[in-house]
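Tertiary structure, described
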Amino acid sequence: MLILQNESFYYKSNELYCEEIPVGVLAKQFGTPLFVYSRSFFERQFNNFNKAFEGIKRKIFFAAKSNFNINVIKLFHNLGAGIDVNSAGELYRALKAGVNPSDIIFSGVGKTEEEIVLALKKKIKLLKAESAEEIFLINEISKSLGTVADIALRVNPDVDAKTHPYISTGLKTNKFGIDSKDAKRLFLEAAKLENLRVVGIDMHIGSQITSVEAYKNAVEKLAELYRELKDKGIPIKHFDVGGGMGVKYKDEEPLNIEKLAQILIPIFKKFDVEIFFEPGRYLTANGGILVTKILYAKKNGEKNFIVVDAAMTELLRPSLYKAYHNIQPLKLNNNKEITADVVGGVCESGDYFAKDRKLTKTTPGEYLAILGAGAYGMTMSSNYNGRRRPPEILVQGNQPIVIRGRETFEHLLYDEEIKI
Ligand code: LLP
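These numbers come from a predicted model, not from an experiment.

It is worth spelling out the packing of aromatic side chains at this point. Within a pair of aromatic rings, the relevant descriptors are the distance that separates the centres and the angle that separates the planes. Per the counting criterion, the structure on display carries 17 aromatic pairs. The ring of Tyr352 carries the charged tip of Lys355 above its face, separated from the ring centre by 4.2 Å. Here the guanidinium or amino end of Arg388 rests over the ring plane of Phe409, the centre of that ring lying 4.0 Å away.

Another aspect to go through is the pairing of strand 5 (residues 34-38). For strand 5, the buried fraction is high: five of the five residues fall into the buried class. Burial along strand 5 is two-sided: the residues Leu34, Val36 and Ser38 and Phe35 and Tyr37 are all buried. Bridging between strand 5 and strand 15 (residues 288-300) involves four bridges; their strand directions are antiparallel. Within strand 15, the residue paired with Tyr37 across the bridge is Gly288. Bridge analysis of strand 5 against strand 21 (residues 392-396) gives four bridges, and the strand direction is parallel. Bridge pairing links Val36 to Ile393 in strand 21.

To continue, consider the domain arrangement of the protein chain. By domain assignment, the protein chain separates into domain 1 (9-38 + 285-412) and domain 2 (107-279). Inter-centroid distance (C-alpha atoms) of domain 1 to domain 2 is 36 Å. Listed as interface residues are ten residues of domain 1 and, on the opposing side, eight residues of domain 2. Summed over both partners, the interface of domain 1 with domain 2 buries about 760 Å², with 61% contributed by carbon and sulfur atoms. Looking at the side of domain 1 facing domain 2, the largest losses of area belong to Asn286, Tyr321 and Tyr324, adding up to 57% of the total buried there. Where domain 1 meets domain 2, there are zero salt bridges. At the boundary of domain 1 and domain 2, one finds one residue pair in polar contact (both at pLDDT 80 or more). Here the residues of the side of domain 1 that touches domain 2 are counted per class, giving five nonpolar, four polar and one charged.

A cis amide bond links Thr32 to the next residue, Pro33, at an omega of -5 degrees. With respect to the element layout, Pro33 can be found in the loop between helix 1 (23-30) and strand 5. One non-glycine residue, Asp356, lies in positive phi territory at about 45 degrees.

Another aspect to go through is the environment of Glu258. Mapped onto the elements, Glu258 comes out in helix 9 (residues 257-269). Since its relative accessible area comes to 49%, Glu258 is described here as partly exposed. Residues Glu258 and Leu91, 167 residues apart in the sequence, show an inter-C-alpha distance of 31 Å.

Turning to the pattern of salt bridges, a few remarks are in order. Summed over the entire model, instances satisfying the criterion amount to 21 salt bridges. Asp84 is the salt-bridge partner of Lys65, the closest N and O atoms lying 3.7 Å from each other. Of this pair, Lys65 sits in the loop between strand 6 (58-63) and helix 3 (70-78) while Asp84 sits in strand 7 (residues 82-85), placing them 19 residues apart in sequence. You can call Lys65 partly exposed: its relative accessible area is 28%. Look at Asp84 and you get buried, because its relative accessible area is 1%. In the salt-bridge network here, residues are joined through shared partners; they are Lys65, Asp84, Lys128, Asp202, Asp240 and Glu278.

A few words on the side chain of His204. Positionally, His204 belongs in the loop between strand 12 (196-202) and helix 8 (212-231). From its side chain, His204 meets the backbone oxygen of Gly206 in a polar contact 3.3 Å long.

A few words now on the site of the ligand. Around the ligand lies a shell of 19 residues, among which Ser207, Gly244, Glu278, Arg317 and Tyr376 are the nearest. Note that an oxygen atom of the ligand is positioned 3.4 Å from one of the side-chain N or O atoms of Lys65. Ser207 places a side-chain nitrogen or oxygen 2.3 Å from an oxygen atom of the ligand. Relative to its unbound accessible area of 590 Å², the ligand is 92% covered by the protein chains. Partitioning the shell around the ligand into residue classes produces six nonpolar, seven polar and six charged. Two domains each provide a minimum of three residues to the shell around the ligand, namely domain 1 (9-38 + 285-412) and domain 2 (107-279).

Look at helix 8 against helix 9: their axes get within 10 Å of each other, and the N-to-C directions meet at 10 degrees. Considered as vectors, helix 8 and helix 9 are oriented roughly parallel to each other. Residue-level contacts link Val212, Tyr215, Lys216, Val219, Glu220 and Ala223 of helix 8 to Lys259, Leu260, Ile263, Leu264, Ile267 and Phe268 of helix 9. Taken together, the residues of the contact of helix 8 with helix 9 sort by class into nine nonpolar, no polar and three charged.

Attention now goes to the packing of helix 2 (residues 39-52) against helix 3. Relative to each other, helix 2 and helix 3 sit at 40 degrees, their axes nearing to 10 Å. Regarding the angle of helix 2 to helix 3, the classification is oblique. Along this stretch, helix 2 crosses helix 3, giving a crossing that reads as right-handed. Along its contact with helix 2, which presents Arg39, Phe42, Glu43 and Phe46, the element helix 3 presents Val72, Leu75 and Phe76. Residue composition of the contact of helix 2 with helix 3, by class: five nonpolar, no polar and two charged.

Residues Phe53, Ile135, Ile201, Tyr215, Phe239 and Phe268 are the most contacted members of the largest nonpolar core, which totals 105 residues. In terms of residues, this core owes the most to one element, helix 8, which gives ten residues. Residue assignment places this core across two domains, with domain 1 (9-38 + 285-412) and domain 2 (107-279) each supplying three or more. Once residues within four sequence positions are removed from consideration, Tyr215 is found in contact with Met203, Ile205, Ile209, Val241, Gly243, Gly244, Met245, Leu255, Leu260 and Leu264. Counting 19 residues, the second-largest nonpolar core is a separate cluster that includes Phe9, Val36, Leu371 and Val395.

Procedures and definitions
- Residues numbered from 1 in each chain as written.
- Predicted model: local features only at pLDDT ≥ 70, side-chain atom pairs only at ≥ 80, totals over all residues.
- Heavy atoms only, no water.
- Phe/Tyr/Trp six-rings, centres within 6.5 Å; stacked < 30°, edge-to-face > 60°.
- Lys NZ or Arg CZ within 6 Å of the ring centre and 35° of its normal.
- Buried < 20%, exposed > 50% of the residue type's maximum accessible area, 1.4 Å probe, protein only.
- Helix = DSSP H or I, 4+ residues; strand = E, 2+ residues; numbered from the N terminus.
- Pairing = 2+ DSSP bridges.
- Domains from an automatic or database assignment.
- Contact = heavy atoms within 4.5 Å.
- Buried area = accessible area lost by both parts, 1.4 Å probe.
- Salt bridge = Lys/Arg side-chain N within 4 Å of Asp/Glu carboxyl O.
- Polar contact = N/O pair within 3.5 Å; in protein donor to acceptor, adjacent residues only side chain to side chain.
- Nonpolar A, V, L, I, M, F, W, Y, C, P; charged D, E, K, R; others polar.
- Near = heavy atom within 4 Å.
- Areas by Shrake-Rupley, 256 points an atom, 1.4 Å probe, with all protein chains shown as cover.
- Axes fitted to C-alpha atoms, helices over the stretch in contact; angles between N-to-C directions.
- Parallel < 35°, antiparallel > 145°, perpendicular 65-115°, else oblique.
- Left-handed = near helix turned anticlockwise from the far one by under 90°.
- Core = buried A, V, L, I, M, F, W, Y, C linked by side-chain atoms within 4.5 Å.

As structure tokens, then:
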């Protein structure tokens, strides 16, 4: 048995399995492109994370932006997670999944008035404010609704998480959070407002972070702020470390969660607060694959192209970040290796999954698995080129559960009619 990326995806008799099901069977039954998720992987990751921070008062809020299928949200909620949402739409999904509003926190640099009203009416646990303007707006809306809102302030600690510039968020040149120089003043001002309770300090320094040091530096910076606020009598109840814990896509050393815990726990122990975490990718990325069929194998000049039936519309990460995703055949073979670009059928040169990748030779009609597609795959998908979003299958042992069906042509038109 050859384990591919983790225990949930492995080869048996040269065939790729997800848990106890050959993925090829799913591809034939449900068609391609197709997202396949492993339930046991999601559970293991959550339990590992939670266990690593045993010994401190903590709560994990699953970042729904990484995979917002309501079944996936429910699965993590059932394991004890709260949910971190970034929009009214994600809030809607979390509520539909049956999550208690008191287990939902709301992030985002650009919340609209409508979103703030909705969050307060639903009585979610808290909103995170990212600017002075937002603090005052939440206070005003809260007043008009005759309530007192719990908020946390997201502080930008100005540390370099050394990740892709598009997913780095903790530098002062990024749009996120409140400048650390203004943080104390704003906490004190916010604490004076009648319709707010300032209960938390919050940070999120980026995504796909593999450096434990980056977290340590940021937490230490904000620990100082915590002490200053405590001295001023501000009753901070929680400290939110954010998400961003990096995983293995290729040969990078993933963030070691035990090591992170070892370094952070002694700092946390000096705080008298509950610690929040908001992992997304760590919990979901390597629990999902995108299964695709090879349509054509062609050559332009000296270059080989493998044209598949998935595209940037299903997994945007390579096009957007030049992200690496491992690609493996569903059936292992002993064919000779070729170097090829694996591309989709969308009318963009940027529509690719791999460039100059060494793969064993496969032929049209065969299937490939694109790994690491459980996070920021479906949630970043689109209908560009009139493509219908693929189904999502959650595998539970030997049972495939269709947690979302393939979109139909009717989905494409939704509320669009000829009016002229
Ligand atoms: N909390 C906040 C406030 C966030 O903005 C994010 C991600 C998370 C938590 C979860 O981060 P994670 O643990 O998943 O790294 N589309 C990009 C990733 C963007 C992440 C944005 N914020 C990608 O595909 O790499």
